[in-house]
Amino acid sequence: MTAPTIPHSGPAFETMMLEIDAKLAADGIEIASRPFHAVREVSLKYQVSIPLAGSATNMPPELLAYLPLSDAIDQWYRDSFGDRLKVDPCPGRSVLLIDKDLYVMRVPRLMGSVHIVTVREFLETPEIGRGPVILNVVQTIEEMTPAKAARLTDDALWTIRDGFERAVRAAYLLEDTQHELMFIARGDVATAVDKLMAQGARYGESKWASLQAAEKVLKAAIALHGRSFKPTHGLKLLAAELKEAGVNLDADPLLDAIQCKPGIRYGEEHCGREDALRAHHASLDLVIRLKDAGAKFDSGLGSSPHTRPA
């Protein structure tokens, strides 16, 4: 079969890129994330495998042939948007408690074939070649050092693995579901993370941000089922409205872990570190539980396979 002719430069390439970027903008894809999505769009349109980046060394011929196209797409975005591409493109972040300390986990941009492991040994930065890229979940944790990783207990590795599964699935569901409230909820999750990690015990503000995220996700689920929702912060009231729309959430423990009053931001309601962390995790679990219960969220990545801790 003859390989398709895909423009790499000139007016035809410019037209293709303008059409793709307009589609991505209409879909609400942030500028910093568009180069990744543009490669995917071209790949789907022409039914070819295009590498995102990487060294040509050991790259299989079927990928190597399209490396110049990948570089051309990347350069088009650099020329078009410059420093606006420097915005963090990761789909989301989460906080984990590891050996009694809080750490931020960054959700990686997963595209193509990725083999995910959870091991103590730091792996070299993967290059595109034959077979899947190997991603060590431990290395997605900010400020994790090789020395600290080498001392992680089995329990800590399981915490990291489970936290990764939660964060990845929730982040991609929030990103891929095209509804304004889901987009805003992503910002609330980011605020919950920032307040959890802030100096000065901003735990009440973090829990309130988790409530805001949960509230918007529930309201988005109701709206996507064609129903209207009440202007309330009451998560169980929203869950009841969602049940009337045909989605039985059955997640009271999650809602209880998140629910709080506005005064929590000002110390009027007690909130310790564990309370805020529990609410943060529950808000991410809620996104996943809603999808599994039948909410009309776009699929995201689903569950990711892991090896057992070494």
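For every chain, the first residue of its written sequence is number 1, and the numbers climb from 1 along that sequence. Residues qualify for local features only when their pLDDT is at least 70, as the model is predicted, and side-chain atom pairs are given and counted only at 80 or more; totals for whole chains, interfaces and linings, by contrast, use all residues. As a convention, hydrogens and water are excluded, and side-chain values are obtained from all of the structure's heavy atoms.

1. Details of the overall build of the protein
Here is the rule we go by: Comment: elements are numbered from the N terminus, with helices defined as DSSP H or I runs of at least four residues and strands as E runs of at least two. The cut-offs for exposure are 20% and 50% of the maximum accessible area for each residue type, with area from a 1.4 Å probe on protein chains only; residues under the lower value are buried, those over the upper are exposed, and the others partly exposed. Whether two residues touch is decided by their heavy atoms; if any such pair falls within 4.5 Å, the residues are in contact. All accessible areas in this document rest on Shrake-Rupley with a 1.4 Å probe, and a residue is counted as covered only by the protein chains that are shown.
Helices and strands together make up the secondary structure of the protein, namely eleven helices and four strands. Considering the protein as a whole, with its 310 residues, one finds that 49% of them fall into the buried category. If you take every contact in the protein between residues at least 6 apart in sequence, the share linking residues at least 24 apart comes to 64%. Surface accessibility of the protein: about 15600 Å² in total, with carbon and sulfur atoms responsible for 51%.

2. Section: the packing of helix H6 (residues 154–176) against helix H11 (residues 273–293)
What counts here: Every angle, taken between N-to-C directions, lies between 0 and 180 degrees, and every axis is a line fitted to C-alpha atoms, over only the stretch in contact when it is a helix. For a crossing to be left-handed, the near helix must be turned anticlockwise from the far one by less than a right angle; the clockwise case is right-handed. Three classes are used: nonpolar for Ala, Val, Leu, Ile, Met, Phe, Trp, Tyr, Cys and Pro, charged for Asp, Glu, Lys and Arg, and polar for all others, with Gly counted as polar.
Two elements in contact, H6 and H11, have axes whose closest approach is 9 Å; the angle formed by their N-to-C orientations is 65 degrees. Helix-helix and strand crossings are classified by hand; for H6 and H11 the assignment is left-handed. Together, Arg166, Ala167, Arg169, Ala170, Leu173 and Leu174 of H6 and His281, Leu284, Asp285, Val287, Ile288, Lys291 and Asp292 of H11 make up the contact between the two elements. Residues of the contact of H6 with H11, tallied by class, amount to seven nonpolar, one polar and five charged.

3. A few points about the state of the cysteines
Inclusion rule: Count a disulfide wherever a pair of cysteine sulfur atoms falls within 2.5 Å.
A full pass over the atoms with the stated rule returns zero disulfides. Between cysteine 260, a cysteine without a disulfide, and cysteine 271, which holds the nearest cysteine sulfur, the sulfur-to-sulfur distance is 7.3 Å.

4. Re the pairing of strand E2 (residues 101–107)
Going by this rule: Any two strands between which DSSP finds at least two bridges are classified as paired.
Counting buried residues in E2 gives five out of seven residues, a clear majority hidden from the surface. Between the end of strand E1 (residues 92–98) and the start of E2, which pair antiparallel, lie two residues, with aspartate 99 showing a positive phi angle near 50 degrees.

5. Focus: the nonpolar core
Filter applied, for reference: Here, nonpolar core refers to any group of buried Ala, Val, Leu, Ile, Met, Phe, Trp, Tyr and Cys residues whose side-chain atoms link them within 4.5 Å.
The biggest cluster of nonpolar side chains holds 46 residues, and the ones touching the most others in it are Val217, Leu218, Leu249, Leu286, Leu290 and Phe297. Contributions of two or more residues to this core are made by E2, H6, helix H7 (180–197), helix H8 (203–224), helix H9 (235–244), helix H10 (252–258) and H11. Here the element with the most residues in this core is H8; it accounts for ten residues. Once you skip the residues sitting within four places of it in the chain, phenylalanine 297 turns out to touch Leu173, Thr177, Met182, Val217, Ala221, Leu224, Val287, Leu290 and Lys291.

6. A few points about the environment of arginine 109
As a reminder, the rule being used: Polar contact is defined as a pair of N or O atoms within 3.5 Å, subject to the rule that within protein one atom must be able to donate a hydrogen and the other to accept it, and that residues adjacent in sequence are counted only when both atoms are side-chain atoms.
Along the chain, the position of arginine 109 falls in the loop between E2 and strand E3 (114–117). Its relative accessible area of 18% is what places arginine 109 among the buried residues. A C-alpha to C-alpha distance of 5.8 Å links arginine 109 and cysteine 90, two positions 19 residues apart in sequence. There is a polar contact of 3.2 Å between the side chain of arginine 109 and the side chain of serine 33.

7. Describing H11
What counts here: To estimate how far a helix should reach, multiply one less than its number of residues by 1.5 Å.
Between its first and last C-alpha atoms H11 spans 30 Å; for 21 residues at 1.5 Å apiece the expected length is 30 Å, and the two agree. Once H11 ends, the next one or two residues include glycine 294, with phi positive near 115 degrees.

8. Side note on the packing of aromatic side chains
How two aromatic rings sit relative to each other is set out by the distance from centre to centre and by the angle between their planes. Rules: A pair of Phe, Tyr and Trp rings is counted when the ring centres sit within 6.5 Å of each other, with Trp represented by its six-membered ring. The angle between the planes then sorts it: under 30 degrees is stacked, over 60 is edge-to-face, the rest tilted. In this analysis the charged atom, NZ for Lys or CZ for Arg, is taken to sit over a ring once it is within 6 Å of the ring centre and within 35 degrees of the ring normal.
Summed over the entire model, instances satisfying the criterion amount to two aromatic pairs. Considering the side-chain rings of tryptophan 76 and tyrosine 77, the 4.9 Å spacing of their centres and the 80 degrees angle between planes classify their relative orientation as edge-to-face. On the basis of relative accessibility, which here comes to 9%, the residue tryptophan 76 falls in the buried class. Here the aromatic rings of tyrosine 77 and phenylalanine 81 are separated by 5.9 Å at their centres, their planes lie at 20 degrees, and the arrangement is stacked. With tyrosine 77 and phenylalanine 81 both in helix H4 (residues 67–81) and four residues apart, this pair spans about one turn of that helix. Each member of the pair, tyrosine 77 as well as phenylalanine 81, carries the same accessibility label: buried. Over the aromatic face of tryptophan 208 sits the side chain of arginine 265, whose NZ or CZ is 4.6 Å from the ring centroid.

9. Quick word on the pattern of salt bridges
What counts is decided by this rule: Basic side-chain nitrogens of Lys or Arg form a salt bridge, by our definition, when they fall within 4 Å of a carboxyl oxygen of Asp or Glu.
Inspection of the entire model under this criterion finds 23 salt bridges. Between aspartate 21 and arginine 34 there is a salt bridge, with its nearest N and O atoms 3.3 Å apart. One end of the pair, aspartate 21, is in helix H1 (residues 10–26); the other, arginine 34, is in helix H2 (residues 34–46), and 13 residues separate them in sequence. Both residues of the pair, aspartate 21 and arginine 34, belong to the buried class. Between lysine 23 and aspartate 27 there is a salt bridge, and its shortest N-O distance comes to 3.0 Å.

10. A short note on the side chain of histidine 37
With respect to the helices and strands, the residue histidine 37 is situated in helix H2. For histidine 37, a relative accessible area of 17% gives the class buried. Setting aside residues no more than four positions away along its own chain, histidine 37 makes contact with Leu24, Ile29 and Arg109.

11. Describing the pairing of E1
With five of seven residues buried, E1 lies mostly within the body of the structure. Of the strand pairs in this sheet, E1 and E2 are connected by seven bridges, and their pairing is antiparallel. Bridge assignment links serine 94 to a residue of E2, and that residue is methionine 105.

12. Quick notes on H7
For an α-helix, the turn length of 3.6 residues means that residues three or four places apart are oriented alike. How we decide: Note that the arc is computed from the directions linking the helix axis to the C-beta atoms.
Taking 1.5 Å per residue as the helical rise, H7 with its 18 residues ought to reach 26 Å, and the 27 Å between its terminal C-alpha atoms agrees with that figure. Every buried residue of H7 is accounted for by Leu181, Met182, Ala185, Arg186, Asp188, Val189, Ala192, Val193 and Leu196. One side of H7 carries all its buried residues, which in axial view fall inside an arc of 165 degrees.

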